Amino acid sequence: MSNLPILSIRKLSVEFSSELGVNPVLHDISFDMMRSRTTAIVGESGSGKSVTANATMRLIRSPGKITGGEIVFSPTAGTSFDILKLQEGSDEIYDLRGGKIAMIFQEPMTALSPVHTIGNQVMEAILIHQKVSKTEAFQRACEMLQRVGITQAEMRMNQYPFEFSGGMRQRVVIAMALVCQPQILICDEPTTALDVTVQAEILSLINELKHAIDTTVMFITHDLGVVAQVADDVVVMHRGRILETGTVRQVLKSPLHPYTQGLLAAMPGRAEAGQRKARLQTVSDVYDENEFAACPLVAIGDNRQVALPIDAIPSELRP
Amino acid sequence: MANYIIRRLLTMIPTLLVISLVVFILIQLPPGDIITSTLESMRQQGMEASDEQIEALKAQYNLDKSMPMQYLHWLFNFVQGDMGYSIKYQQPVNTLIWERMGYTVIIAIASLLFTWALSIPIGIYSAVRQYGWGDYFFTIVGLLGLATPNFLLALVLMYFGYTWFGVSVGGLFSPELAEAPWSWEKFVDLLAHLWIPMIVIGTAGTASIIRILRANLLDELSKPYVTTARAKGVRPIKLVFKYPVRVAISPFISTIGWLLPSLISADAIVSIVLNLPTTGPLMLQALLSQDMYLAGSFLMLLSILTVVGMLLSDILLAIVDPRIRYE
Ligand SMILES: Nc1ncnc2c1ncn2[C@@H]1O[C@H](COP(=O)(O)OP(=O)(O)O)[C@@H](O)[C@H]1O
Ligand SMILES: [Mg+2]
């Protein structure tokens, strides 16, 4: 199982500057994403999940700045390169965006241009990355729409986003992202803005297509319930730092970091039957932020890391 | 779409009727009427009008009838294309207005094209290079332009036009060609004179359009659908032009509607300074001298053009933005 990572983020740092000064948003974060697996990045809002995703797509723009680190991408087993070393504005970057790495976003209601047809927008992705005729692109776009569960695709191609419901729009966004068969699909809270029932449909659609296209998924969410459903591996983020990484089993069953333990304790479904009426715990009930602030990540096994002082790690797990 | 247009056309009728009533009352509001001003000017020339003459005058202008009848008369004639008779100019209003309308349209369209050709590229540039030195430069120049009174710019340009190019000052034609029939020579002469009013009137709107376009575009550029497009691999130039510009430009499509009435009224001061044969100064005169039929016709034309212009804008907007079309 210990195959090579398809994406390897090493000591990535990002900061945003404003009149108030420089605001470091990512501090030396490192983790690996394994080929064909789903890595969930979980953390409360503002912890730097989207910034991590955008840095991978080289979408960070002024006033944001990537100040260090590398993001090594290995599209095939033999080849690999550092995404952060690609020249700004080079063909390689445009090749990557939407071609080898695609992304879907949180807000399906606003993620599509209101003044262009669905067909136009899905076909655009094909025409940018593949050398095909317009008729061929139309065909492929139609097929992709059908695959994401849109009926009467040919007629739907000529419609505008406002004629689609939120769930339908998210399906279109997924079709748009997967139509070029990317090697990595980044999902930035793709279901947060949707109804619970639609949410479940979209999750299983992503899962199904992931296997069909054999792609690797970076799944960003703040919802541990969703993590349990979709993820193989988990990265826990807090305030621009990674606190813990590991397989979904390791992180959810035997969390090492007090913050992760706090997150789990704060999950509504976790409350013991007897405690139902008790107030839900918040993370801060369990986790005192200052206690372990800025501890460096320690590798304690195959893709398992935790940001704790050595003596706080159970002795049998110490490296 | 056709339904929408028909509905809009039908609602225009009551709107215009109400406006016509307001216009008619407005014209009647100031003390004195055509008769008093005619008698006044006769008296100044040392003549006294007899009672019969006064009655005849009143009958000629329908002033012996009741107010509602006067209104209906005026409205009915207007609808038939007879806008009445100007006391001051002693000519039918029709000949007075249409003669100048042609030149007004030429100047207005030229200056609008000038404004857009200048402000749209600059607005897009300023948004894409926000806080770059070019953005600051255009902001300063634009604010200077906004703060410069039009007539001042007109005077300066007239001075340079005369000293550098030897263009005769003011008007749309050289004096020797003004009354001549149309010819190639006259057309070239028109172009040689047109640039001054084009720049003067055109720069007036430039600064504000740049600011509005820049703000709209910045707003659009930060929307999620632009990020989606970037994440798809769309390149920057196409990204700006295919998506946000189209949305950011729609406020200017609505100004096409306001343009129609401004054909008549706007820039009266510039036209006076530049001695242009347009409708602006004529309308100002008509209002000042209470030339009832002339003033009323102008106000009515303005209203009609406003209403029609708004309809035009809405139709154009619906073409650019599908969301409006389907409502
Ligand atoms: N465009 C931006 N300008 C300034 N600061 C930003 C910007 N985007 C993100 N940040 C900063 O980065 C932090 C992390 O943001 P983000 O990655 O979007 O969080 P999330 O984990 O909720 O996705 C935020 O707290 C914010 O301070
Ligand atoms: Mg986010």
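Structure's up top.
Quantities reported herein were computed from a predicted structural model and do not represent experimental measurements.

Enquirer: Is there a simple way to explain the overall build of chain A in this structure?
Expert: Counting its secondary structure elements, chain A contains eleven helices and twelve strands. The C-alpha atoms of chain A give a radius of gyration of 20 Å, which matches the 20 Å a tight globule of 319 residues would have. Viewed in the frame of its principal axes, chain A has a C-alpha envelope of about 65 × 50 × 50 Å. Taken over 319 residues, chain A has a buried fraction of 53%. In chain A, the proportion of contacts linking residues at least 24 apart, taken out of those at least 6 apart, comes to 64%. Within chain A, the 35 negative side-chain charges are centred at a point lying 2 Å from the centre of the 29 positive side-chain charges.

Enquirer: Would you mind showing me how to read the overall build of chain B here?
Expert: Summing up its helical and strand segments, chain B has 16 helices and two strands in all. C-alpha extents for chain B along the principal axes are approximately 85 × 55 × 35 Å. Within chain B, buried positions represent 43% of all 327 residues. Sequence separation of 24 or more characterises 72% of the internal contacts of chain B that already satisfy a separation of 6 or more. Of the charged side chains in chain B, 20 are positive and 21 negative, and the gap between their average positions amounts to 23 Å.

Enquirer: Just to check I follow, could you spell out the site of ligand 1 for this structure?
Expert: All names here are of chain A. Around ligand 1 sit F16, N23, V25, E44, S45, G46, S47, G48, K49, S50 and V51, and that is every residue in its neighbourhood. Burial of ligand 1 by the protein chains amounts to 60% of its free accessible area of 550 Å². Ranked by residues supplied to the shell around ligand 1, first place goes to helix α1 (residues 49-56) with three residues. Partitioned by chemical class, the residues of the shell around ligand 1 number three nonpolar, six polar and two charged.

Enquirer: Teacher, can you tell me more about the interface of chain B and chain A here?
Expert: Interface size is commonly expressed as the accessible surface area that is lost when the partners come together. Each partner contributes residues to the interface: chain B has 22 residues there, and chain A has 26 residues. The junction of chain B with chain A conceals about 2300 Å² of combined surface from both sides, 60% of it contributed by carbon and sulfur atoms. Considering only the surface of chain B that becomes buried against chain A, R230, A231 and K232 of chain B emerge as the three largest contributors, covering 28% of it. The interface formed by chain B and chain A contains four salt bridges. A salt bridge links E124 of chain A to K242 of chain B; its shortest N-O distance comes to 3.2 Å. Remark: the boundary between chain B and chain A carries twelve residue pairs in polar contact (both at pLDDT 80 or more). Counting residues per element, the ones that place at least two in the side of chain B that touches chain A are α9 (224-232), α10 (236-242), α11 (244-248) and α16 (322-325) of chain B. No other element matches α9 of chain B, which puts seven residues into the side of chain B that touches chain A. Broken down by class, the residue content of the side of chain B that touches chain A amounts to ten nonpolar, three polar and nine charged.

Enquirer: So what exactly am I meant to see when it comes to the environment of M12 of chain B here?
Expert: Residues and elements named next belong to chain B. In this fold, M12 is placed in helix α1 (residues 2-28). Between the C-alpha atoms of M12 and I304, which are 292 residues apart in sequence, the distance is 9.0 Å. With near-sequence residues (within four places) excluded, M12 lies in contact with V307, V308 and L311.

Enquirer: How should I be thinking about the nonpolar core in this particular structure?
Expert: A general feature of soluble globular proteins is that nonpolar side chains tend to end up buried together. Residues and elements named next belong to chain A. Within the largest apolar cluster, 61 residues are counted, with the highest numbers of intra-cluster contacts made by L145, I174 and L185. Here L145 is in contact with I118, V122, I150, A153, M157, V172 and A175, once residues within four sequence places are set aside. I29, I60, L86 and I186 belong to the second-largest nonpolar core, a separate cluster that totals 35 residues.

Enquirer: In this structure, what is going on with the environment of A55 of chain A? I would like to understand it.
Expert: Residue and element names in this part refer to chain A. Looking at where A55 falls in the secondary structure, it is placed in helix α1. Judged by its relative accessible area of 0%, A55 is buried. Residues A55 and M144, 89 residues apart in the sequence, show an inter-C-alpha distance of 27 Å. Every residue in contact with A55, bar those within four places of it in the chain, is listed here: L12, I60, I66, I71 and L84.

Enquirer: Sorry, what's going on with helix α8 (residues 184-221) of chain B here?
Expert: Note that an α-helix has 3.6 residues per turn; residues three or four places apart therefore point the same way. The terminal C-alpha atoms of α8 of chain B, which comprises 38 residues, lie only 48 Å apart, well short of the 56 Å expected from a rise of 1.5 Å per residue. Along its length, α8 of chain B reaches its greatest deviation from straightness, about 35 degrees, at L194 of chain B, and the proline P197 of chain B lies no more than four positions downstream.

Enquirer: Can you help me understand the sheet that holds strand β8 (residues 216-221) of chain A in this one?
Expert: In sheet architecture, strand pairing relies on hydrogen bonds along the backbone and comes in two forms, parallel and antiparallel. Residue and element names in this part refer to chain A. With mixed pairing, eight strands are arranged side by side in an open sheet as β6-β7-β8-β3-β9-β10-β12-β11. The open sheet has two edge strands with one neighbour each: β6 (101-104) and β11 (298-301). Looking at each pair of strands side by side, their axes are set apart by 20 degrees on average, direction ignored. By the bridge criterion, six bridges tie strand β9 (residues 233-238) to strand β10 (residues 241-247) in an arrangement that is antiparallel. Bridge pairing in β10 links M237 to I242. Against the sheet, helix α6 (residues 166-178) contacts β6 and β7 (184-188), and its axis sits at roughly 175 degrees relative to β6.

Enquirer: Before we go on, may I ask you to explain a negative patch on the surface in this structure?
Expert: Residues and elements named next belong to chain B. Together, D51, E52, E55 and D64 make up a negatively charged patch on the protein surface. As for its placement among the helices and strands, E52 is situated in helix α3 (residues 51-60). With a relative accessible area of 61%, E52 lands in the exposed category.

Enquirer: So what exactly am I meant to see when it comes to a nonpolar patch on the surface here?
Expert: Residue and element names in this part refer to chain B. Together, V18, L21, V22, I25, L26 and L29 line one region of the surface with nonpolar side chains, adding up to about 550 Å² of accessible area. As for its placement among the helices and strands, V18 is situated in helix α1. On the accessibility criterion, V18 (53% relative accessible area) is exposed.

Enquirer: I would appreciate a short explanation of the pattern of salt bridges in the present structure.
Expert: A side chain of one charge can pair with a side chain of the opposite charge when the charged atoms of the two come close. Residues and elements named next belong to chain A. Tallied over the entire structure, the rule returns 17 salt bridges over all chains. The closest approach of N and O atoms between E136 and R140, which form a salt bridge, is 3.0 Å. Highlighted residues: E136 and R140, both in helix α4 (residues 134-147), separated by four residues, approximately one helical turn. In this structure E136 comes out as partly exposed when scored by relative accessible area, which is 33%. One salt bridge connects D232 with K210, and the closest N-O pair in it is separated by 3.6 Å. Of this pair, D232 sits in the loop between α8 (224-230) and β9 while K210 is found in helix α7 (residues 196-213), placing the two residues 22 residues apart along the sequence.

Enquirer: Just to check I follow, could you spell out the side chain of K186 of chain B for this structure?
Expert: Turning to its location among the elements, K186 of chain B is positioned in helix α8. Contact partners of K186 of chain B, with chain neighbours within four places excluded, come to F173, L177, A178, A180 and P181 of chain B.

Cut-off values and rules
- Residues numbered from 1 in each chain as written.
- Chains lettered and ligands numbered in written order.
- Predicted model: local features only at pLDDT ≥ 70, side-chain atom pairs only at ≥ 80, totals over all residues.
- Heavy atoms only, no water.
- Helix = DSSP H or I, 4+ residues; strand = E, 2+ residues; numbered from the N terminus.
- Rg over C-alpha atoms; globule rule 2.2 N^0.38 Å.
- Buried < 20%, exposed > 50% of the residue type's maximum accessible area, 1.4 Å probe, protein only.
- Contact = heavy atoms within 4.5 Å.
- Lys, Arg positive; Asp, Glu negative; His and termini not counted.
- Charge placed at Lys NZ, Arg CZ, Asp CG, Glu CD.
- Near = heavy atom within 4 Å.
- Areas by Shrake-Rupley, 256 points an atom, 1.4 Å probe, with all protein chains shown as cover.
- Nonpolar A, V, L, I, M, F, W, Y, C, P; charged D, E, K, R; others polar.
- Buried area = accessible area lost by both parts, 1.4 Å probe.
- Salt bridge = Lys/Arg side-chain N within 4 Å of Asp/Glu carboxyl O.
- Polar contact = N/O pair within 3.5 Å; in protein donor to acceptor, adjacent residues only side chain to side chain.
- Core = buried A, V, L, I, M, F, W, Y, C linked by side-chain atoms within 4.5 Å.
- Expected span 1.5 Å × (residues − 1).
- Bend = angle between axes of the 7 residues up to and from the residue.
- Pairing = 2+ DSSP bridges.
- Axes fitted to C-alpha atoms, helices over the stretch in contact; angles between N-to-C directions.
- Patch = residues over 30% accessible without salt bridge, like charges linked within 9 Å, V, L, I, M, F, W, Y side chains within 5 Å.

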